[in-house]
Amino acid sequence: MRFSFCVAALAASVLALPTPDVETPKETFTVELADGERRQVTEAEKFALKADGKNFFDITEFLDFTPSSLTKRQTVTYPTTLTQGTSVRSLAAKLSSSNMQTNLQPFTEFNNRYYRASTGKQSSDWLLAKVKSYIPAGSVATAAQFTHSFTQSSVIAKIPGKGSKTVVVGAHQDSINGNSPSSGRAPGADDDGSGTVTILEAFRTLLTNSTIASGGAAQTIEFHWYAGEEGGLLGSQAIFSSYSSSGRNVVGMLNQDMTGYTAGYTSAGLTPKFGVITDNVSAALTTFTKRVITAYTIRAYADDECGYACSDHASATRYGFPSAMIFESEMKYENPYIHTTGDTISRVDFAHMVEHAKLVVGFVVELGFAVL
Ligand code: BES
Ligand code: ZN
């Protein structure tokens, strides 16, 4: 019985035979809401939930996992003093806002970077090529796709260090038009083109340090560009689920989702501040990250909350890896244009993105050379 079912299913999937008289079941997804409730929904219902302000993880491919089933990992003790000031400052001086502009322009020109759209695959391929172009000849660094069940791939760059403890910086590469996800125009300049090119510029800069480029950091350093964040944290869940299963030791993940919108401050004559997200993150890693902000950026910060699993740091947390999330602003000044055609490059502040990039460089070098 079981055997013949499998053969039939295999034949159908391999040959992709049309099945005329049988109604094709609607594609459904399992989502987990903030209170832990699981629901079976269609893609349209997923977007209705989002529009209704109900946020979720799409856990369709991760049904066997519940956060309570995780075996607890050893807690990480972060440094209370920063020791890499000379290297961080010399790297930070090399960060280029015009490089970020040059990269963000073509990235926003894809009609959208929707994770199920052909343009979402094209943008992912563009990104991988760009990441590879920043790896100097002779460096130990590598970059590769992390493929998914949907068309867009995540991109992972790895700079091996002396040990396997791993520092991760992440941003999501996909964009979405909230009214018309699959084909609507979604430049996604701020959300999250800004984070994408911020960490890309930090990656380029870090590899100009010959110790890092040749594998001399204490920790392994990874840069992740997640696919399908807007579909329910899909790429990041797949990656952290896989890292959890294979016993990877991620000592800290810093998420950069939206780094460029400051008009809420500047239009009122105020100086921008970073928003330090305090929910769905590690308190200890967040305290360390605040030290990095103070030491290496000119920005003040204020604690704030997303109020739900708003981005990929929540996937790291879900799989037991410590994460932090530093946002472009306090929530009261949040960008009103995200998920619309109005999320354009003309509305992003590249000087602010340089401050985020300094944060990323400081985070990676301090944690990457720390004795943990
Ligand atoms: N970048 C946003 C999250 C965000 C928006 C954080 C505004 C802080 C302020 C992210 O890409 C997003 O849109 N997330 C979804 C939830 C996700 C689980 C589908 C959202 O907030 O609707
Ligand atoms: Zn985002």
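Residues numbered from 1 in each chain as written. Chains lettered and ligands numbered in written order. Predicted model: local features only at pLDDT ≥ 70, side-chain atom pairs only at ≥ 80, totals over all residues. Heavy atoms only, no water.

The name an unreviewed UniProt entry gives the chain is Peptide hydrolase, with Lentithecium fluviatile CBS 122367 as the organism. Checking UniProt for the chain, the heading Subunit (unreviewed entry) contains the comment "Monomer." (UniProt positions renumbered as here; feature names shortened; annotations may be inferred.)

Engineer: Run through the coordination of the zinc ion (ligand 2), naming residues and quoting values.
Structural biologist: Under perfect tetrahedral coordination by four donors, a metal shows angles of 109.5 degrees; under perfect octahedral coordination by six donors, it shows angles of 90 or 180 degrees. Within the protein, the atoms that donate to the zinc ion (ligand 2) are His172 (NE2), Asp191 (OD), Asp257 (OD) and Asp257 (OD), at distances of 1.9 to 2.5 Å. Bound by 6 donor atoms, the zinc ion (ligand 2) shows angles of 54 to 165° at the metal and therefore irregular coordination geometry. Sequence positions of the donors to the zinc ion (ligand 2) reduce to the motif H-x18-D-x65-D. Of the two residues, His172 is situated in strand E6 (residues 166-172) and Asp257 in the loop between strand E8 (250-255) and helix H9 (263-266); the sequence distance between them amounts to 85 residues. Taken individually, His172 and Asp257 each receive the classification buried, so the pair is uniform in this respect. (Donors = N, O, S within 2.8 Å, 3.2 Å for Na, K, Ca; no water. Tetrahedral: all angles 85-135°; square planar, octahedral: opposite > 155°, others 65-115°. Helix = DSSP H or I, 4+ residues; strand = E, 2+ residues; numbered from the N terminus. Buried < 20%, exposed > 50% of the residue type's maximum accessible area, 1.4 Å probe, protein only.)

Engineer: Could you give me a rundown of the sheet that holds strand E2 (residues 38-42), with the residues and numbers involved?
Structural biologist: Pairing in this open sheet of 3 strands is antiparallel, and the strands run E2-E1-E3 from one edge to the other. In the strand order of this sheet, the two ends are held by E2 and strand E3 (56-58), each with one partner. Averaged over all neighbouring strand pairs, the angle between strand axes comes to 35°, with direction disregarded. Packed onto the sheet, helix H2 (residues 43-51) meets strand E1 (28-33), E2 and E3 and runs at close to 120° relative to E2. (Pairing = 2+ DSSP bridges. Axes fitted to C-alpha atoms, helices over the stretch in contact; angles between N-to-C directions. Contact = heavy atoms within 4.5 Å.)

Engineer: Can you explain the confidence of the model for the chain? Please cite residues and give values.
Structural biologist: Low pLDDT marks stretches whose predicted atomic positions should not be read closely. On average, residues of the chain carry a pLDDT of 93, and 93% of them reach 70 or more. Throughout residues 1-20 the model reports pLDDT below 50, and contacts reaching past four residues in sequence, or to other chains, amount to 2 contacts. (pLDDT = per-residue confidence, 0-100.)

Engineer: Can you explain the layout of surface pockets? Please cite residues and give values.
Structural biologist: By volume, the largest pocket is sized at about 620 Å³. Elements with a minimum of two residues in the lining of the largest pocket: H2 and strand E11 (323-327). In terms of residues, the lining of the largest pocket owes the most to one element, H2, which gives 3 residues. Space inside the second largest pocket adds up to approximately 430 Å³. Residue composition of the lining of the second largest pocket, grouped by class: 10 nonpolar, 7 polar and 3 charged. (1 Å grid on protein atoms, 1.4 Å probe; cavity = no way out; pocket = protein on both sides within 12 Å on 5 of 7 lines; lining within 4 Å. Points joined across faces, edges and corners; volume = space filled by probe spheres on them. Nonpolar A, V, L, I, M, F, W, Y, C, P; charged D, E, K, R; others polar.)

Engineer: So, the packing of aromatic side chains: which residues are in play, and what are the values?
Structural biologist: The full count for this structure, using the stated rule, is 15 aromatic pairs. On the basis of an interplanar angle of 50° and a centroid distance of 6.5 Å, the ring pair of Phe47 and Tyr114 is categorised as tilted. Separated by 67 residues along the polypeptide, Phe47 in helix H2 and Tyr114 in the loop between helix H4 (97-109) and helix H5 (118-133) bring together distant segments of the chain. Accessibility classification places Phe47 together with Tyr114 in one group, the buried group. Both rings, one in Phe240 and one in Tyr243, keep their centres 6.3 Å apart while their planes meet at 75°; by these two values the pair is edge-to-face. With Phe240 and Tyr243 both in helix H8 (residues 234-245) and 3 residues apart, this pair spans about one turn of that helix. (Phe/Tyr/Trp six-rings, centres within 6.5 Å; stacked < 30°, edge-to-face > 60°.)

Engineer: How would you sum up the pairing of E6? Please name residues and give values.
Structural biologist: The element E6 is extensively covered by neighbouring structure, given that 7 of its 7 residues are classed as buried. In E6, alternate side chains face the same way, and those of Thr166, Val168, Gly170 and His172 on one face and Val167, Val169 and Ala171 on the other are all buried. Pairing of E6 with strand E7 (residues 220-226), which is carried by 7 bridges, proceeds in the parallel orientation. Residue pairing in the sheet places Gly170 in a bridge with His224 of E7. As paired elements, E6 and E8 share 5 bridges and run parallel to each other. From the neighbouring strand, Val168 faces E8, where its bridge partner is Met253.

Engineer: Tell me about the UniProt feature "domain: Peptidase M28" (unreviewed entry) in the chain, and please be specific about residues and values.
Structural biologist: The UniProt feature table records "domain: Peptidase M28" (unreviewed entry) at residues 155-363. Between the C-alpha atoms that bound residues 155-363 there is a distance of 20 Å. The span itself is 34% helix and 19% strand.

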